[in-house]
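# A look at the structure
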Amino acid sequence: MSDLAPITSDSKIYQVLISSLPNKFIVDFANGIDVGRDHLRVQRQRTGMGARLYDGFTGQGARRQAEINASLIDGVEGSLIWLGELTESLALSNYAIVQVNERLSVITQNVTTLAHYSADTRHQVEKLSIHFNQRCDQLNQQIYRIDFEQRAERQLEQVFNKWAAGRLNTFSLAGRCYAAMEELRWGVFGDYCRIHNNHIRQGFLGDLANRAISQLANDASMEPGDRSEMSSWLARPTGRTLLADATDALAYLGDGSNPEVQPFVFSITQLPEQTPLSVPKICNADRLARALVSELFSV
Amino acid sequence: MHKQNIETLRDEALRLITLEINVLKKMIGESGVLTEEKSGEKQTFDRASAVKHIEVLAGEQNKLNELEMVLAVVGTMKAGKSTTINAIVGTEVLPNRNRPMTALPTLIRHTPGQIEPVLKFDNDQPIHILMDTLRNSLKKPENSSAIKELARNSDMKEIITLIEKGEKFQTRYKGADEIFLFLRNLNDLVRLSSELKIDFPFTAYDEIHELPVIEVEFAHLRETAQAKGRLTLLDTPGSNESGQPHLKKMLREQLSKASAVLAILDYGQLKSDAEEEVRKELSNVASVTEGRLYVLVNRFDQKDRNGDTEEVVKTCVADSLMEGRIPVGNVYPVSAKWAYLANYARHELYINKKLPNPAQHPWVADFGTAAFGPLWKSKIGDVIAVKETADALWKESLFDAPLEKVIRTAHARAAVYAVESSAAKLVDMAEKMQNLLNTRATALGKSAHELERQIKDLKQDIDRVESIEAEAKLNADTKLKELTKGTEQVFVGVKTHIAESLKKYFKEGKQLEKQAIDSKKAAENKQEKTKSSGFAEIFASLIGTLDKRLSSINADIDFNPNDPVMKFEKRNDAEKLINKIQKSISGIFENAESVMKTGMTEILAAFQADFKTGVVTETDKILREMKEHLGKDGFVMELPIPSTVKLALGFSGADMMEDIVNERQKPVTRSRRKSGVWGTVCGWIGTDDWGWEDYQTTEQFYEIDIRKIQDAANRSVDQAVDGLAEAVGVYIKKPLNAGINNFFAGFKESVEQIRGDLMQGIRDQEKSKVEQHELILKLSALKKNVPDILTDSRELKKDVEQYGAVAA
């Protein structure tokens, strides 16, 4: 039952999606702490990729599992404690931290207005809020450090090296492009693009698009302008070395995609029977890569 | 390179159409984006034209969903074309008569649920106008004797009566008998108008949708799972029936547009005198139907025990007859008759659960004999046996495989046409949307003064383009005149050549004549010498009388080297000489033809080159300047890039030449085909043309009048020269002008529309700031998907062009 096993930092799929999986998981987790309707959303995520990441992060031991479950059932407080623990141990990206921070400020507001939360819970939220505020400040300063640009470039380099080395071959052609871009978006490259003005960002994104086009075309053994049926871009490869988790992992990364707004991401990750109307039936590397850049990085 | 499936291209076209319709609908829905039509000003879209554009796109959508597969059926005389069509349909829709029936192409459309065939003739106006013209012509006294002559033919008499009574064609005919009468009347009408030298309105029937159509359910398709699409058979007039260049050109166009072409030929013709004729016809068809042509070799059931195998026939047709122009796999020996009878029987069983009475329906006897042999009567009542045998006979007819393959080809080809047509419209529409949205959004940020300057500049651009257009047309005219003149000169050369050739053969003929007379005289002398010997003495008195007559004839055939009439005693000698003369004249014509072909191709190529270097470059320059002055103000425009491809003629000069020369040459060449059957030949072309007269005395002898041959040949040349102007008009002038108009029309229209959009831009600025801001938001929301739609449409267009090129 490999696809139900917890995903840890040793899991192959985790290694492949080393930036996007943990960051998205933390953000999802924070967003799942719903003080208004308690932990309904946390409960819903007890299945699939999110659950397995959860199991992985909380430790595989059944003992610990039971403990955490108990504390979750207790309510918001347990989740907050765990969020605190988790964020200590993981190198989160600016993007994730900012989102968790945003969520925390909502939670802070809610726990102060809602009567049934204990002083302990309020204290817990406050502590976490301060912690995240501090981390945000630190990050904000990092942005002005001169190596920020270099780090962004280095991540771009790393991700594309990984892709070129075949580490993303477990995904469909389009899936590789998407995975690479998600890695960048959740990482320092994404941070860099979000912080800078249109002009600098366009330069970086142009670079990203060009490299993606070239690698995609290379993987497909085609010219960047050669067209092929969309289904061939979306088809999963076959072979023994493929990771069983690959499809689930992409589905997880793209679970929030809106078919109207991000039709390509939706098609690649959710593999619907009918692709949305704005996704062409025939596509080339150029069109595909550009569409993904604009869907994932447009602000 | 991954090759796309045509189905995917079709899906993509459908997707883009939906997207474009959505954008257009939103444009109409958002207030202030589109305005009402303004007279004297063309905008890219106004409210009314946007609705029309949506209709156009919806039409394309229909075409893509309901593919119109046109399967053209061509056949040499009596090869079994009607039987083949009836076999596919499964009932007798076309009469199997031994006379040419199709003067106009007729469509037979598979219409599920339509058991009894119905002929629809909605485009009847042009025929009624023709009938009025004919009625007037019939009244003219100078035509009365010709009409009397025509009316000796009962069919002609009938149609003349019909016209004189002022009767009209109906728009609906039900059942095979009514359809037969309609087709016969239509056919007679074509003949009558040609006899009375009144032009038949062929151009009103040169598009598929203008033709009469018979709607009926095809028995065969009822049983097999049907591909998405609508199958229509196009019954074409045989080449013998089509004389006028209009009809010929129309046929070629329809063949080149057909989704697939089924050529029927007769197994028996393969090894007969007709083979050469069949070869020529097929190669004509093959030249416009590359990749979509299938040949059915009919009457394969009539081969004897020692006849060829299927494989031999396939190879023979593909390699020898067609010289490798179609693959062996596209040739199918079949029996149309068996297929027809089998399908007819199955159809009857399906409808009535039994076969009709053989006494009233002779085909049942034919079916019985084919299916059960001579003892069919005892078995024909057994429905189960009949069904089984009909199935077996259908199988034996070998029709299944070609039909399936040809329908598959037709389907793919029809899809290519539908996608090609949609892709062109999609690109055009996306460019227009992009232009409108960009222009209006940009214009909002400009001053009225800037806009006015642009509007003025664009007007100048249009004027410049118009002057280039006028020049191009003048140039085309000059080139056409050169062409006509050059061709006329070739014909003058032909006359001289023929005269020289005839002189030579006249000399030869005279020599033969002299030899014959000399040897005859020698023989007579010999006869006289042996007169007294043996039994001859007994008959001496009789021979005496004979001698007298002989000598009187001898006086007649005394050799006169200056007499233009050559006399031959032996039919064989005369034929030989005539054959030689004909061969020589044909050779001269062929030679002239090739000279003209070359000349024509050269002149056309020169014109194309001129057009490219002159017109296209000039227009390109204007286009660039325009883009530049618009771009300076931030207007990014999609202007149609003029392409020379649009100028390409549908027909090469060579095609046209073939038409002129073959046709005019007929009086000369026909006799070659039918050598040996002089009576028929003389009947065809009129004795006086050829100077053939048989003198029936005690001996027959034959004379050839060289003057008459010369006259006939010259008349042929004169006719060719007369027909030249018409042919040049049909084949070259019309398409050339259409090409030139096309080239400029799209361009001018776009520029006019951009001007209109800019004028609207000035009016936009009169609105309040709030309204202007709202408009900007609306425009940019609408604009969002348009660049992708444009990109995808252009790619689709390229894909389908490539696909079409590969398929062809």
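## A short note on the overall build of chain A
Helix and strand counts for chain A come out as 16 helices and two strands. In chain A, which comprises 299 residues, the share counted as buried stands at 42%. Across chain A, contacts joining residues at least 24 apart in sequence account for 74% of those joining residues at least 6 apart.

## Here we look at the overall build of chain B
Helix and strand counts for chain B come out as 24 helices and 12 strands. Looking at chain B as a whole, 36% of its 808 residues qualify as buried. The contacts in chain B between residues at least 6 apart in sequence include a share of 84% that link residues at least 24 apart.

## Some points on the pairing of strand S6 (residues 230-235) of chain B
All names here are of chain B. Of all the six residues making up S6, five are buried; the element is thus mostly covered by neighbouring parts of the structure. Pairing of strand S1 (residues 68-75) with S6, which is carried by six bridges, proceeds in the parallel orientation. Pairing of Met69 across the sheet is with Leu231, part of S6. Relative to S6, strand S2 (residues 106-110) runs antiparallel, the two being bridged by four bridges. Residue pairing for S6: Thr106 is matched across the bridge by Asp235.

## Thoughts on the nonpolar core
Of all hydrophobic cores here, the largest spans 119 residues; its most connected members are Leu71, Val261, Leu262, Ala263, Val295 and Val297 of chain B. With 19 residues, the top contributor of residues to this core is helix H15 (residues 400-444) of chain B. In contact with Leu262 of chain B, other than residues within four places in its own chain, are Leu71, Val73, Tyr294, Leu296 and Val406 of chain B. One finds Val16, Ala30, Phe171 and Tyr192 of chain A within the second-largest nonpolar core, a separate group that totals 78 residues.

## As for the interface of chain A and chain B
Across the boundary between the two partners, chain A contributes 12 residues, which contact 15 residues of chain B. In terms of residue class, the side of chain A that touches chain B is made up of four nonpolar, three polar and five charged.

## Let's talk about helix H14 (residues 383-396) of chain B
All names here are of chain B. Here H14 spans 19 Å end to end across 14 residues, near enough to the 20 Å set by a 1.5 Å rise per residue. Within H14, burial applies to Val386, Thr389, Ala390, Leu393 and Trp394. Along the axis of H14, the buried positions cluster into a sector of 140°, meaning they face one direction only. Those residues of H14 that are exposed and angled more than 90 degrees off the buried face are Ile384 and Glu388. On its buried face, H14 sits against helix H12 (336-352) and helix H13 (362-372). Two residues or fewer past H14, Leu398 is found with a positive phi of approximately 60°.

## Thoughts on the packing of helix H9 (residues 147-164) of chain A against helix H11 (residues 188-195) of chain A
All names here are of chain A. One can describe the packing of H9 onto H11 by two numbers: an axis separation of 8 Å at closest approach and a directional angle of 130°. Viewed along their axes, H9 and H11 adopt a mutual orientation that is oblique. The two elements H9 and H11 meet at a crossing, and its hand is left-handed. Packed against H9, whose contacting residues are Phe148, Glu149, Arg151, Ala152, Gln155 and Leu156, the element H11 presents Val188, Phe189 and Tyr192 at the interface. Taken together, the residues of the contact of H9 with H11 sort by class into six nonpolar, one polar and two charged.

## Digging into the confidence of the model for chain B
Residues and elements named next belong to chain B. Taken over all residues, the pLDDT of chain B has a mean of 78, while the share at 70 or more is 80%. Per-element confidence in chain B is highest for helix H1 (residues 6-29), whose mean pLDDT is 95, and lowest for strand S11 (residues 694-696), whose mean pLDDT is 35. Here residues 527-557 scores under 50 on pLDDT; set against residues more than four positions off or in separate chains, the count is 11 contacts. When the criterion is pLDDT under 50, residues 660-700 qualifies, and its contacts beyond four places in sequence or with other chains add up to 60 contacts. Here the complex is predicted with pTM 0.73, and the ipTM for its interfaces comes to 0.85.

## Structural notes on the environment of Ile28 of chain B
All names here are of chain B. Structurally, Ile28 can be placed in helix H1. Using a count of 16 C-beta atoms within 10 Å as the deciding quantity, one classes Ile28 as partly exposed. Through-space distance from the C-alpha of Ile28 to that of Glu323 is 58 Å; in sequence the pair is 295 residues apart. Those residues within four positions of Ile28 in sequence are excluded, and the remaining contacts are Leu34, Arg47 and Ala50.

## Some thoughts on the pairing of strand S8 (residues 293-298) of chain B
All names here are of chain B. Counting buried positions over the six residues of S8 gives six, a clear majority of the element. Pairing geometry for strand S7 (residues 260-266) and S8, over six bridges, is parallel. Paired with Val261 across the bridge in S8 is Leu293. Pairing of S8 with strand S9 (residues 331-333) involves three bridges; the strand directions are parallel. Pairing of Val297 across the sheet is with Pro333, part of S9.

## Here we look at the sheet that holds S6 of chain B
All names here are of chain B. One open sheet accounts for nine strands, arranged S4-S3-S5-S2-S6-S1-S7-S8-S9; its pairing is mixed. Each edge of the open sheet is held by one strand with a lone partner, namely strand S4 (172-174) and S9. Ignoring which end each strand starts from, the neighbouring axes of this sheet average 20° apart. Where S2 lies against strand S5 (residues 213-216), four bridges are found, and the strand directions are parallel. The residue of S5 that forms the bridge with Arg109 is Glu215. Contacting S2, strand S3 (118-120), S4 and S5, helix H7 (residues 175-195) crosses the sheet at an angle of about 135° to S4.

## Examining the domain arrangement of chain A
All names here are of chain A. Here chain A is described as being made up of domain 1 (2-143) and domain 2 (147-297). Tallying the contact residues gives 20 residues for domain 1 and 23 residues for domain 2. Elements with a contribution of two residues or more to the side of domain 1 that touches domain 2: helix H1 (12-16), helix H2 (20-32), helix H4 (48-58), helix H7 (94-113) and helix H8 (119-143). No other element matches the four residues that H2 contributes to the side of domain 1 that touches domain 2. Residues belonging to the side of domain 1 that touches domain 2 are distributed by class as follows: eight nonpolar, nine polar and three charged.

## Observations concerning unusual backbone geometry
Positive phi values are uncommon outside glycine, yet Ser221 of chain A reaches one of about 55°. With respect to the secondary-structure elements, Ser221 of chain A resides in the loop between helix H12 (198-220) and strand S1 (228-229). In this model, Lys197 of chain B sits at a positive phi of 60°, which is unusual for a non-glycine residue. By secondary structure assignment, the location of Lys197 of chain B is in the loop between H7 and S5. Judged by C-beta crowding, with 9 C-beta atoms within 10 Å, Lys197 of chain B ranks as exposed.

## Thoughts on the confidence of the model for chain A
Per-residue pLDDT for chain A averages 84, and the proportion of residues at 70 or more is 87%. In the predicted structure, residues 38-44 of chain A sits below a pLDDT of 50 and forms 15 contacts with residues beyond four places in sequence or in another chain.

## Let's talk about the environment of Ala96 of chain A
All names here are of chain A. Structurally, the position occupied by Ala96 is in helix H7. Residues Ala96 and Asp147, 51 residues apart in the sequence, show an inter-C-alpha distance of 20 Å. Excluding its chain neighbours within four sequence positions, the residues that come into contact with Ala96 are Asn23, Ile26, Val27 and Trp186.

## Brief notes about the environment of Gly190 of chain A
Residue and element names in this part refer to chain A. Examined against the element boundaries, Gly190 turns out to sit in helix H11. A sequence separation of 88 residues divides Gly190 from Glu102, and the C-alpha atoms of the two residues are 18 Å apart. Ignoring any residue separated from it by four or fewer positions in sequence, one finds Gly190 in contact with Ser93, Tyr95, Leu184 and Arg185.

Calculation criteria
- Throughout, a residue's number is its position along its own chain's written sequence, starting from 1.
- Lettering for chains starts from A, numbering for ligands starts from 1, and both go in the order in which the items are written.
- Only residues with pLDDT of at least 70 are given local features in this predicted model, and only at 80 or more are side-chain atom pairs given and counted; all residues enter the totals for whole chains, interfaces and linings.
- In DSSP terms, a helix is any run of H or I states spanning at least four residues, a strand is any run of E spanning at least two, and both are numbered starting from the N terminus.
- Buried, partly exposed and exposed are defined by the number of other C-beta atoms within 10 Å of a residue's own C-beta, namely 20 or more, between the two limits, and 12 or fewer respectively, with C-beta atoms placed from the backbone.
- By definition, residues are in contact whenever their C-beta atoms, placed on the basis of the backbone, come within 7 Å of each other.
- Think of it this way: DSSP has to see at least two bridges between two strands before they count as a pair.
- Buried Ala, Val, Leu, Ile, Met, Phe, Trp, Tyr and Cys residues form a nonpolar core when they are connected through C-beta atoms within 7 Å.
- Residue type decides the class: Asp, Glu, Lys and Arg count as charged, Ala, Val, Leu, Ile, Met, Phe, Trp, Tyr, Cys and Pro as nonpolar, and the leftover types, Gly among them, as polar.
- Expected helix span is given by 1.5 Å per residue-to-residue step, counting one fewer step than there are residues.
- Starting at the helix axis, one direction is taken to each C-beta atom, and the arc is that of these directions.
- Under this scheme, a helix contributes an axis fitted over its contacting stretch, all axes are lines through C-alpha atoms, and angles between N-to-C directions fall in the 0 to 180 degree range.
- Roughly parallel covers angles under 35 degrees, roughly antiparallel covers those over 145, roughly perpendicular covers 65 to 115, and oblique covers all other angles.
- By definition, turning the near helix anticlockwise from the far helix through less than a right angle yields a left-handed crossing, and turning it clockwise yields a right-handed one.
- On a scale of 0 to 100, pLDDT captures the predictor's confidence in every residue.
- By convention here, the domain bounds are inherited from an automatic or database domain assignment.

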